[in-house]
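# Architecture and fold: a report
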Amino acid sequence: DAKTTQPPSMDCAEGRAANLPCNHSTISGNEYVYWYRQIHSQGPQYIIHGLKNNETNEMASLIITEDRKSSTLILPHATLRDTAVYYCIVRPPGNQFYFGTGTSLTVIP
Amino acid sequence: KAGVTQTPRYLIKTRGQQVTLSCSPISGHRSVSWYQQTPGQGLQFLFEYFSETQRNKGNFPGRFSGRQFSNSRSEMNVSTLELGDSALYLCASSGTGGRNEKLFFGSGTQLSVL
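The following refers to the structure shown. Computed from a predicted structure; not experimentally measured. (Residues numbered from 1 in each chain as written. Chains lettered and ligands numbered in written order. Predicted model: local features only at pLDDT ≥ 70, side-chain atom pairs only at ≥ 80, totals over all residues. Heavy atoms only, no water.)

As a further point, take the overall build of chain A. From N to C terminus, chain A includes 0 helices and 9 strands. Listed by position from the N terminus, the elements making up chain A come as β-β-β-β-β-β-β-β-β. Against the 2.2 N^0.38 benchmark of 13 Å for 109 residues, chain A shows a C-alpha radius of gyration of 13 Å, consistent with a compact globule. Residue pairs at least 24 apart in sequence account for 55% of intrachain contacts in chain A once pairs closer than 6 positions are excluded. Carbon and sulfur atoms provide 50% of the accessible area of chain A, an area that totals close to 5300 Å². Of the charged side chains in chain A, 8 are positive and 9 negative; the average position of the first set lies 3 Å away from that of the second. (Helix = DSSP H or I, 4+ residues; strand = E, 2+ residues; numbered from the N terminus. Rg over C-alpha atoms; globule rule 2.2 N^0.38 Å. Contact = heavy atoms within 4.5 Å. Areas by Shrake-Rupley, 256 points an atom, 1.4 Å probe, with all protein chains shown as cover. Lys, Arg positive; Asp, Glu negative; His and termini not counted. Charge placed at Lys NZ, Arg CZ, Asp CG, Glu CD.)

So this is what it looks like as structure tokens:
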């Protein structure tokens, strides 16, 4: 079962930062937080993941609170191609991901 | 490196038939997972194979089965198809399935059951 809570939808102006929140209050100490996105009818695309520390890569930044009960995915300069469903996933032991319902992000010109 | 390859991309079947979907993981990856995506249920885990053995299984009926070959390629089979099996079937691969490993997804097979 999904252990995360995300807002169902968000809008963001093109060129601005998109901040996508995720609540995972029951996360265990050794569970990673992963973010994926999915553009309609394509396979989910990996964005970023982390355990405790904030992470940054060429796509995004991941900010995890000190108590690890929530995180925020930041897309620094959103473009129209960032319009997608974004999934925040807490990865349990084993290799199954529970995707939940995600946040549908719409980037507005 | 080539990505995860799934064939066919689209498939149309009728109720009662069976279907086999194929997945070729990224070279060197030994873990292959399968997911079903429907508008009503979202993305749901079917099963995972590692080194030719099923390692994890989701909550799906026995009509859904899979296997993995020695080259890590995997197939998924659905027997006695039902209308509700219409879905996007996604395959994902990773090296060993460790919790710090990324999962890479293919583009999926869109199955329509008529």
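Right, let's get into the interface of chain B and chain A. Residue-level contacts link 22 residues of chain B with 20 residues of chain A. For the pair chain B and chain A, the summed buried area comes to about 1800 Å², and 50% of that belongs to carbon and sulfur atoms. Our count for the contact surface shared by chain B and chain A stands at 0 salt bridges. Between chain B and chain A we count 6 residue pairs in polar contact (both at pLDDT 80 or more) in total. Elements with a minimum of two residues in the side of chain B that touches chain A: strand 4 (31-38), strand 5 (42-50) and strand 9 (87-94) of chain B. (Buried area = accessible area lost by both parts, 1.4 Å probe. Salt bridge = Lys/Arg side-chain N within 4 Å of Asp/Glu carboxyl O. Polar contact = N/O pair within 3.5 Å; in protein donor to acceptor, adjacent residues only side chain to side chain.)

Moving on, we come to the packing of aromatic side chains. Residue and element names in this part refer to chain A. For the coordinates displayed, the defined rule picks out 16 aromatic pairs over all chains. Between the aromatic rings of Y36 and F99, the centroid separation amounts to 6.2 Å while the plane-to-plane angle is 65°, which identifies the pairing as edge-to-face. Of this pair, Y36 sits in strand 3 (residues 32-38) while F99 sits in the loop between strand 8 (84-91) and strand 9 (103-108), and the two are 63 residues apart along the sequence. For Y36, a relative accessible area of 0% gives the class buried. Take F99: its relative accessible area is 1%, and that puts it in the buried class. (Phe/Tyr/Trp six-rings, centres within 6.5 Å; stacked < 30°, edge-to-face > 60°. Buried < 20%, exposed > 50% of the residue type's maximum accessible area, 1.4 Å probe, protein only.)

Here the focus is the sheet that holds strand 7 (residues 64-68) of chain B. Residues and elements named next belong to chain B. Spatially, 4 strands are ordered 1-3-8-7 in an open sheet, and the strand pairing comes out antiparallel. If you trace the sheet from one side to the other, it starts and ends with strand 1 (5-7) and strand 7, each paired once. Going across the sheet, the axis of each strand differs from the next one's by a mean of 20°, ignoring polarity. In terms of strand pairing, strand 3 (residues 19-24) meets strand 8 (residues 74-78) through 5 bridges, oriented antiparallel. Note that in strand 8 the partner of L21 across the bridge is M76. (Pairing = 2+ DSSP bridges. Axes fitted to C-alpha atoms, helices over the stretch in contact; angles between N-to-C directions.)

As a further point, take the side chain of A:R68. Residues and elements named next belong to chain A. Tracing the backbone shows R68 in the loop between strand 6 (61-64) and strand 7 (70-75). In terms of polar contacts, R68 uses its side chain to reach the backbone carbonyl oxygen of L51, at 2.3 Å. Among residues more than four places away in sequence, those in contact with R68 are H24, I27, S28, G29, N30, E31, L51 and K52.

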